[in-house]
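In case you want the letters, here they are:
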Amino acid sequence: MYLSASKANHSSKSSQSHGFGVHTDIKCSHIVPRCCAFVVSQALGVRTSPPHKSLPFIWPLPAKFSFGNETLSVDPALSLSGNGASSAIVRDAFDRYKGIVFKHGDRFSFLRTLRPVYDVTKLSITVHSLNEELQLGVDESYNLFVSGAQVHSGAGQVTIEASTVFGALRGLETFSQLCSFDYTTKTVQIYKVPWSIRDNLDFHTVGFCWNVLHWHIIDEQSFPLEVPTYPDLWKGSYTKWERYTVEDAYEIVKFLFSSFLFRGIGYPDLWPSPSCKEPLDVSKKFTFDVLSGILTDMRKIFPFELFHLGGDEVDTGQYACLSFCSLTYKLKLQNHNMTAKDAYQYFVLKAQNIALTKNWSPVNWEETFDTFPTKLHPQTVVHNWLGPGVCPKAVAKGFRCIFSNQGVWYLHHLDVPWDVVYTAEPLEGIQRASEQKLVLGGEVCMWGETADTSDVQQTIWPRAAAAAERLWSQRDSTSGNVNIIALSRLQYFRCLLNRRGVPAAPVTNLNARTAPVGPGSCFEQ
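Residues numbered from 1 in each chain as written. Predicted model: local features only at pLDDT ≥ 70, side-chain atom pairs only at ≥ 80, totals over all residues. Heavy atoms only, no water.

**Brief notes about the side chain of S176**
What counts here: Helix and strand labels come from DSSP, where a helix needs a run of H or I of at least four residues and a strand needs a run of E of at least two; each type is numbered from the N terminus. Type-normalised accessible area, obtained with a 1.4 Å probe on protein chains alone, sets the label of each residue: buried when under 20%, exposed when over 50%, and partly exposed for intermediate values. Throughout, a residue-residue contact means that at least one pair of heavy atoms, one from each residue, lies within 4.5 Å.
Tracing the sequence through the fold places S176 in helix 2 (residues 165-178). Assessed through its relative accessible area of 4%, S176 is described here as buried. Excluding residues within four positions of it along the chain, S176 makes contact with Y97, V101 and R500.

**Some thoughts on the pairing of strand 8 (residues 187-193)**
Note the following rule: Between any two strands, pairing holds if DSSP finds at least two bridges.
For strand 8, the tally of buried residues reaches seven of seven residues, placing the bulk of the element in the interior. As paired strands, strand 3 (residues 70-81) and strand 8 are joined by four bridges and run antiparallel to one another. Among the inter-strand pairings, L72 is bridged to a residue of strand 8, identified as I190. Looking at chain direction, strand 7 (residues 179-182) and strand 8 are connected through four bridges and run antiparallel. Counted as the bridge partner of D182 is T187 from strand 8.

**So, the sheet that holds strand 6 (residues 158-162)**
To keep things clear, this is the line we draw: Axis angles are defined between N-to-C directions and span 0 to 180 degrees, where every axis is a line fitted to C-alpha atoms and, for a helix, only to the segment in contact.
One open sheet accounts for eight strands, arranged 2-9-5-6-4-3-8-7; its pairing is mixed. Looking along the sheet, the strands with just one partner apiece sit at the ends: strand 2 (64-66) and strand 7. Within this sheet the neighbouring strands show an average axis-to-axis angle of 30°, counted without direction. The pairing of strand 3 with strand 4 (residues 120-127) spans four bridges and is classified as parallel.

And the structure:
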């Protein structure tokens, strides 16, 4: 799943041209947390219990799971064992999840005469490959086993097995969801033991991926990113206090899927003229020198496969206007025997070639596919956003595709309810298995004109989690009446996010990110 957050606009009625641009996309599948919930549906053939019964279940649903009727207590001093403990990624994640699971301390335990004896004191993680390279298609499958209390020792055992460290992270998230704080005993409990969970991304079978954050860092409104080869580019930031250094980007690369688009304030020679500041002047060699310099610098920071080159909302018809700005550029293009559409195609293809020389696979918005599909490089990933039906056309021509239909997966459209997000189908209209494999994933986007730190989280959550289960979980487990299958689980997940410090909005709001209509339980809002 991709989450796009930007001060740029993708809307069905946008009148503003973004011009020719370039984005950087970095696969970072370990940063978006695997969501969680505690209620299972009757539609799955498993007894449903209300949330206050503390029957732990998981969001998104695992591929296969079974459980029993025992209860185990978990030691706050839980230790990590197994070869996974040799990985810094796994150790750091284990420490993070301990902080989440044991959020409620027991500082006054010294007042009790009897010290608790815990059933689970150790978590064993086995990783079959310690290769920690993160690229598109990394194996995130895992098995999680929680055994019942042993006859002689009385202790329970928790084991996570995974092919990669990233699968181990998914297992840790699921383990954390099985743990529930008991306010009476003031201990963390695992209910319904023994647990056997075998989980993998449903769309792995057709090449799907999720758990990706697409950070749209730069657009025409602001260029806050430092580019050492062209140090004046970030003069286009909102202010000198609202910038990202190379060091910031290097740290963020551990977590984010980043992208950017030109703004020429630092280098006005990128403009057709001082009074005509968009699109970029494709008649100048300097334009592509700057583009190459940016990609060269970014390649030193971002070691991933995909590079988003934009290409959306380019209004090639604007040159028909007889303003001085457009007429000046029109004459420049005519001197190079180019129409406006020729210039659009020339920039996109030139940018693709530059990216390919840096060993990046180019990603472009669907307008490029709609305008000159036969000219795009075969490695192009077509990014859908305008509406349905694009991915079927793209994969039929052999291109890979990312699904982001704005009618269902644009989170800044506040009137799109959770169930519309949940029931969207990225593979709609694609019947052949060979073509389904070309759909790389789905992206829910949250463009940021009306969002900042005060409201971004409640705009994203919990609706993004609805798309997450659509992409992760088995179709036969998540198809049917969504009010039975998913609603109560998603409501509980929202409350769990709140307990973890994420200000997720109520699930059934008429408009996303609005406050509850009145007092009451979190589970009923």
